[in-house]
Amino acid sequence: MGSTSSDEAQASASAGSQAVYYPERAGGLGRVTTPVGDVHVANINGPLTSASRDLGRRLAPELREGAYRAFDDYVQRISAESGSRMIAAAGRVVGGAVLPRLLRQQLPTAYLQMLTAFAEGAGLDVEEALATQQIWDQWAWARAGNVRGLVEGRLKARTHSPLLASSAVVVPSEERGILHAFSFENAAVERWDRAARVVVMHPDQGFSYALVTSLGFLTGLPAGMNAAGLTLSTHPGPASLGDRAGVPLGPAALQVLNEARTIEEAVAIFRQHPPMTSWTYMLSEAASGRSARVEVSPLRVGVEVEATRGLVVRGGPSIAELKRSPALAREEARRDAHLGSLLASWRSDRALPLVELARGLGGDNEAAPGADPIRIAEVMSVIFEPAAGRLWVAAGRAPTSLRWFVPLRLRGAHGEARAELDAREAPVQAWPTWQESARGRAADYYRNAYRLYLEGEDPQRLLITLEYAVALEPTSARYHVLAGLVALSALRGRRAEGAFRRALDAIDEAGRRAEVGLYLGWALDLQGRRKAARELYARVSEDAQAHGVTRRAAAAARRRRFGNREAQRLHIDFMLASAL
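Asks: When you look at the overall build of the protein in this model, what are you seeing that I'm missing?
Replies: Secondary structure assignment for the protein yields 21 helices and 18 strands. Burial analysis of the protein (580 residues in total) assigns 60% to the buried set. Counted over contacts in the protein with a minimum sequence separation of 6, partners at least 24 positions apart contribute 66%. Summed over its atoms, the accessible surface of the protein is roughly 22200 Å², and 50% of this surface lies on carbon and sulfur atoms.

Shown next, in the form of structure tokens:
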């Protein structure tokens, strides 16, 4: 990689001495510590059922603080905000009784036994554990537009962005063989990114495999690699069709990692498990260097195999979501273009391919990223190197791909069934100086503000956190827009006006300028400057380059003043810096 300096290579090498491995003790987890965070490792041996019970026992102290609990908190909060007791009661009945009964009928017997043993080991109610198996399918099905009226009309969530999104890049490398990079985004920051979990199963039958997950989940969105050199990552699919009689996410992926050597064997397993909703799997083979994108829905299984160039996949918002949110459509278009550019410019003879992939996941190949490319909800990142039986797991807070990638090997130094830190390799960093730079510190304040907002922090205190980000990166339009929106919700119209004016100085795209112009009108309205606000609304509502939702909001504001009530009920999307 020609753009990487010798200083960066030396920084990566010196980082190796700062990564320390503490082996597992009886009933506990192994731990790799770094200055930016930890990676926890669990080696589980024996038959899968007893191994699952052991895993549940090891994760028990932290299980209820994990992503599962964060999701449950999220659902409870939006149910309360909806003001509908019926919705909350229906959720309890469906989640506590109906779904577990259906799952007992739909889950493969072997997987049901594993899940039951996991729940028993963790001290969880088995019915509760069964209900959690539909977390991802339930949300993917709802957000695809199947219950749009309910979600939009009654459940006013604190974030409009998808609860889950993901990216994957599979590329060839002369130095390290095929590489499979994966990152996962989830609204449950602070729960997911507190410590990565690598669960390595060494079953009596089948292949050993590593599963990268987080607190409280046996699978999460499955991403893993097995001893045969097959890698897998899972992504929200494009279709909105759902089938309640299908198999929830999880069993097919685990069976692939346990049994499949090739892409064809993996596809055959996917066909055996028609899903509840649409998912896209990315696969790669170490032996052949091939990769595949497999789209699985209740109606079909579509397969695209690539032998030389590599593949990318972006799983995130549904078509319905993109139509409803111009800010989301703009962001997804930018990310798609970034991944396409990364793949188009990739050369297999790059000198430091791991660094290049880390930069690709981090959002900017050419320079340490500022506010716009930051993936503030990116809570897990990993790069699989199957030819060496090695996986590079990100340690540290979101955005994880900009932290440290720690090398773990699937088996011990002498081939024993024990995953551990690979001391032969140094951790990898996309931009070694980024974390201590002004941009890196601003991103930390941005992440903290996002977390506090999701937890319902007072807008005045939230604004203080954002002010630090603005001070560190004063040219960032995103931070100014966010500060302005939070100032509106704190009823500080004058502060909001200043933030939006500074944001407009840094924005070129016409549609985004019109959107921020609308927000500026809100700030003027809040100060009682109704005439100036209506003039702005008129310009925005007649702007042919403004998005439809922006023009409609401006037209509505011309008819009815934006006042204290509207400001206090404002719903801000921190990932998109938008309130539309």
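Asks: What exactly am I supposed to notice about the pairing of strand E11 (residues 291–296) here?
Replies: Residues in a regular strand point their side chains to alternate faces of the sheet. For E11, the buried fraction is high: five of the six residues fall into the buried class. Pairing analysis gives six bridges linking strand E10 (residues 279–285) to E11, with the strands arranged antiparallel. Bridged to Met282 within E11 is Arg293. Between E10 and E11, which pair antiparallel and follow one another directly, the connecting turn spans five residues, one of which, Gly289, has a positive phi of 75°. Here six bridges tie E11 to strand E12 (residues 301–306), and the two strands are oriented antiparallel to one another. Note on E12: the bridge partner recorded for Val294 is Val303. Following E11, the chain reverses through four residues before pairing antiparallel with E12.

Asks: Looking at this model, I keep getting lost on the sheet that holds strand E1 (residues 20–22). Mind explaining?
Replies: Hydrogen bonding along the main chain pairs the strands of a sheet, whether they run parallel or antiparallel. Strands sit in the order E1-E2-E3-E6-E7-E8-E9-E10-E11-E12 across an open sheet of 10 strands; the sheet is mixed. The sheet terminates laterally at E1 and E12, the two strands that pair on one side only. Averaged over all adjacent pairs, the angle separating strand axes in this sheet is 15°, with direction ignored. The pairing of E1 with strand E2 (residues 30–34) spans three bridges and is antiparallel. The partner of Tyr21 across the bridge, within E2, is Val32.

Asks: Got a minute to help me understand the environment of Gly315 in this structure?
Replies: For Gly315, the location among the structural elements is in strand E13 (residues 311–315). Overall, the relative accessible area of 0% leaves Gly315 in the buried class. In sequence terms Gly315 and Leu164 are 151 residues apart; their C-alpha atoms lie 8.5 Å from each other. With sequence-adjacent residues up to four places away left out, Gly315 is seen in contact with Ala165, Ser166, His235 and Pro236.

Asks: Help me understand the environment of Leu526, please; the structure alone is not making it clear to me.
Replies: Among the secondary structure elements, Leu526 is positioned in helix H18 (residues 510–526). The contact partners of Leu526, leaving out residues within four places of it in the chain, are Leu488, Leu491, Arg492, Gly493, Arg561, Phe562, Gly563, Asn564 and Ala567.

The rules behind each value
- Residues numbered from 1 in each chain as written.
- Predicted model: local features only at pLDDT ≥ 70, side-chain atom pairs only at ≥ 80, totals over all residues.
- Heavy atoms only, no water.
- Helix = DSSP H or I, 4+ residues; strand = E, 2+ residues; numbered from the N terminus.
- Buried < 20%, exposed > 50% of the residue type's maximum accessible area, 1.4 Å probe, protein only.
- Contact = heavy atoms within 4.5 Å.
- Areas by Shrake-Rupley, 256 points an atom, 1.4 Å probe, with all protein chains shown as cover.
- Pairing = 2+ DSSP bridges.
- Axes fitted to C-alpha atoms, helices over the stretch in contact; angles between N-to-C directions.

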